[in-house]
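Structure assessment
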Amino acid sequence: MARTDITLGDLSHRDHAFYGLIWAGTTLAGRVDAALSRAHDLPLSWFEVMLWLNAQNEPVAASDLGAKTLLSRSQVSRVIDSLQARGLVARVPSLADARSVRIALTPEGRAAFAAADATRREALREVFDDRLDEADIEALERVWSKLKE
């Protein structure tokens, strides 16, 4: 069966830009997810939680992770459970509130994150780093900052 070349039709520049962002995000996330899963048995959602934890000097509340990640509260909880089962994160009692716990990467988790981050960078090198120059990256940063406001 012959393949038909379909188009998005007569979209405005704004609509085309929006769908371009969706396509880019989905495509790049899929590429990274596949690379992380294949090399480390680590889904992108787990990596995202580890990314935020890696940048912290102190353990953080799971609710703070939920507020920063693209995951729902229940997804964050399941990811933390899975990471803890693999020894990559630990739940530690809160110093400020004995009724709550905070989450931190273990030393094994920091090592696993470093290895996974190298895999992420390699997965994006050809399709992101090699195609975008510094002006492109700065433009993306400006757009991203405006959209996050």
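Each remark here, short or long, concerns the structure printed above.
Summary of the structure given here. (Residues numbered from 1 in each chain as written. Predicted model: local features only at pLDDT ≥ 70, side-chain atom pairs only at ≥ 80, totals over all residues. Heavy atoms only, no water.)

**Focus on the nonpolar core**
- Residues Leu-42, Val-49, Met-50, Leu-53, Leu-65, Leu-83 and Val-89 are the most contacted members of the largest nonpolar core, which totals 23 residues.
- Secondary-structure elements contributing two or more residues to this core are helix 1 (13–40), helix 2 (44–54), helix 4 (73–85), strand 2 (101–105) and helix 5 (107–129).
- Setting aside residues up to four positions removed in sequence, Met-50 forms contacts with Leu-42, Leu-83, Leu-88, Leu-105, Gly-109, Ala-112 and Phe-113. (Core = buried A, V, L, I, M, F, W, Y, C linked by side-chain atoms within 4.5 Å. Buried < 20%, exposed > 50% of the residue type's maximum accessible area, 1.4 Å probe, protein only. Helix = DSSP H or I, 4+ residues; strand = E, 2+ residues; numbered from the N terminus. Contact = heavy atoms within 4.5 Å.)

**Notes on a nonpolar patch on the surface**
- Side chains of Leu-8, Leu-11, Phe-18, Tyr-19 and Ile-22 sit close together on the surface and give an oily, nonpolar patch of about 480 Å² of accessible area.
- In this fold, Phe-18 is placed in helix 1.
- Residue Phe-18 is classed as partly exposed on the basis of its relative accessible area, which comes to 44%. (Patch = residues over 30% accessible without salt bridge, like charges linked within 9 Å, V, L, I, M, F, W, Y side chains within 5 Å. Areas by Shrake-Rupley, 256 points an atom, 1.4 Å probe, with all protein chains shown as cover. Salt bridge = Lys/Arg side-chain N within 4 Å of Asp/Glu carboxyl O.)

**A word on the pattern of salt bridges**
- In this structure the tally under the stated criterion is six salt bridges.
- Its salt-bridge partner being Arg-121, residue Asp-117 comes within 3.2 Å of it at the nearest N-O pair. Placement of the pair is Asp-117 and Arg-121 together in helix 5, with a separation of four residues, close to one helical turn.
- Salt bridges sharing common partners tie together Asp-117, Arg-120 and Arg-121.

Keep in mind these numbers describe shape, not what the thing actually does.
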